[in-house]
Amino acid sequence: MPDPAVPPTPPVALSALLAREDLGLRQIAGPKDTNTVIHWAHTSEMADPYPYLLGGELLLSAGVHIPEAAGSGTYFDDYVSRIVAAGGAALGFGLAPVHDTVPRALVEACDTYGLPLLEVPPQTTFSGVARAVWQLMAQARHAELRRVTEAQQSLAAAASRPDPVRAVLRQLAQRIGGWAVLYGPEGAESASAGRAPDGQGPEAASAGRAAEATAAGRAAEIAAAGREPGDVVRGALAELAAVVRPSGPGTPTSATDTAAGTHLAAYALGAGQGFVLGVAAPHRDTGDHTIASVAAVLLSLLTGEHQSGSGAARSSALVRLLLGAEPEAVAPLLGSGGWLVVHGSPDAQPCDPVAAAALGAALGSPLVDLARDVVRVLVPADREAAPQPGWTLGVSAPATARDWPAADTQAARALSRARATRAPLHRHGTHRPALTDLLSPGEAEAHARALLAPLTPPLAETLRTWLSLHGSWDRTAVALAVHRNTVRQRIARCAALLGTDLDDPDVRMELWFALRHGER
């Protein structure tokens, strides 16, 4: 019998359809198996419906195709056997308008071939039966989605607990009603199908291989939860895990099998380190694969951090900073090389932790800080900070750990300029004045401090922004998030304190030079 082409909806139990009092259906032949399910309802009056069936149908017929002499020959045996061969789940026979009763020969044929036969009363239309099937499917689909959603939430909550790997496994085992195990990278080596030791037959060799797989599987288990299976199931699951463990191109990421009446599944975790999630359950319900896949994703993240040590390194760096270490002392824990500080502002307010983490992932760094409406990301300098959809970004110049505070200021100013110019990204130092090459850094900084001494930090920042935007009152107001009249008042105050004419291009050039070198 061919496997039915399963539709993207849960099947309907035949018993649930029979329980619908509004239909009045009655099973009069065939096995009364509570496990019989229906994937769809189909009406046909063909004498041989085989070519038109996909499998899993409740076939509905009023017997229009039945000849008058059908009861004395093999007509009904041929008809029912073809339905069974096509994978039909059940047959519904309507009592109107052609037949007043179900033909006795049809009842006998359904009993012979094990096909459930339903009597459809005259007041029940075939379209009403089909509608009931789809209603039950919709209810089952809703229940499945609710079950999967609840499982996703509980698995995510488990991943945030103190012992996340075991917590996720416990929650998964509970949701599938079975056993969940995490295998380590060393894995269980599948026993080869070589010859049996001297004096042992094939059965002894098979038992020996199963015992070896079970022992290797136990050694590879990092954590497990749920109803622990027997050695046969345990060994089969360990061998299935070896199938999906990365071994070269073409290795599957998941696999399923059955052993001793237990459904098995193995999932290669995405960390790329050889971890495998194994699942053993006495039955396989709709949605179990989705639930196990969610657990596999969470375990991939958890084992990825465990294996690479990046999570532990970040924690160690944080602890050392809190205990008084200097940034340059802890920077090697995060990686070698220079760093960029990126400030990001979402185009759609407000920003939440999920969006902040997504920005960090897009930029290639987990070092993310969400502060009010700005996200700060510390990115390795060898990674190009590219514009991101939905974000306005300001990027600092490459900096060592000692210069991180200065780079943070650069990124903030770059973000302000990006906002004002409506650019998706602005990099600090994109336009560097050539005058900087004429003086030593010490001389330039001393000149800047002397020239800007009369200005308070807010006034100096307003003047710097105003000059960078070519004296635009509106764009400066946008960049500083103040009213344009406030900008005018501050610039007038700067001119008064400096005793100079800010409309003079030479004065503007000198002040811009000083402001650039006074950032330190």
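The structure this text deals with has already been given above.
All of these numbers come straight from a predicted model, not from anything done at the bench.

Asker: Break down unusual backbone geometry for me, citing the residues and quoting the values.
Answerer: The omega torsion across Ala96 and Pro97 is 5°, close enough to zero to call that bond cis. Locating Pro97 in the fold gives a position in the loop between strand E6 (90–94) and helix H3 (104–113). Although it is not a glycine, His470 adopts a positive phi angle of roughly 60°. Classification of His470 by relative accessible area gives exposed; the value is 61%. We note that Ala481 has phi near 60°; this positive angle belongs to a residue other than glycine. Position of Ala481 relative to the elements: it lies in the loop between helix H15 (473–480) and helix H16 (484–498).

Asker: Which residues make up the sheet that holds strand E8 (residues 179–183), and what values go with them?
Answerer: In spatial order, the strands read E9-E8-E12-E11-E10; together these five strands make up an open sheet with antiparallel pairing. Both outer strands of the open sheet, strand E9 (221–226) and strand E10 (254–259), are each paired with one neighbouring strand and no more. If you compare each strand with its neighbour and ignore which way they point, the axes differ by 15° on average. Docked against the sheet, helix H7 (residues 231–244) engages E8, E9, E10, strand E11 (262–268) and strand E12 (276–281), running at close to 30° with respect to E11.

Asker: Describe the packing of aromatic side chains, listing the residues and the values that go with them.
Answerer: Enumeration according to the criterion identifies four aromatic pairs in this entry. Taken together, a centroid distance of 5.6 Å and an interplanar angle of 85° make the contact between Tyr75 and Phe76 edge-to-face. Taken individually, Tyr75 and Phe76 each receive the classification buried, so the pair is uniform in this respect. With a centroid separation of 6.4 Å and an interplanar angle of 10°, the aromatic rings of Tyr75 and Tyr79 are classed as stacked. A residue pair is termed a helical-turn pair when its members lie 3 or 4 positions apart in one helix, as Tyr75 and Tyr79 do in helix H2 (residues 75–85) at four residues. By relative accessible area, Tyr79 is classed as buried at 3%. Aromatic ring contacts, followed pair by pair, group Tyr75, Phe76 and Tyr79 into a single cluster. Above the ring of Tyr50, the side-chain terminus of Arg82 is found at 4.2 Å from the ring centroid.

Parameters and conventions
All residue numbers refer to position in the chain's written sequence, counted from 1. For this predicted model, a pLDDT threshold of at least 70 governs which residues receive local features, and a threshold of 80 or more governs which side-chain atom pairs are given and counted, while totals over whole chains, interfaces and linings are taken from all residues. Heavy atoms throughout the structure, all of them, feed into the side-chain values; hydrogens and water do not. Counting from the N terminus, the helices are DSSP H or I runs at least four residues long and the strands are E runs at least two residues long. Here's how the labels work: a residue is buried when its accessible area is under 20% of the maximum for its type, exposed when over 50%, partly exposed in between, all with a 1.4 Å probe on protein chains only. At least two bridges found by DSSP between two strands are what make those strands a pair. Every axis in this analysis is a line fitted to C-alpha atoms, fitted for helices over the stretch in contact. Angles between the N-to-C directions lie between 0 and 180 degrees. In this analysis, two residues are considered to be in contact whenever any of their non-hydrogen atoms come within 4.5 Å of each other. For this analysis, a ring pair means two rings from Phe, Tyr or Trp (six-membered ring only for Trp) whose centres lie within 6.5 Å, classed as stacked if their planes differ by under 30 degrees, edge-to-face if by over 60, and tilted for the remaining angles. Working rule: Lys NZ or Arg CZ, within 6 Å of ring centre, within 35 degrees of ring normal, means a charge sits over the ring.

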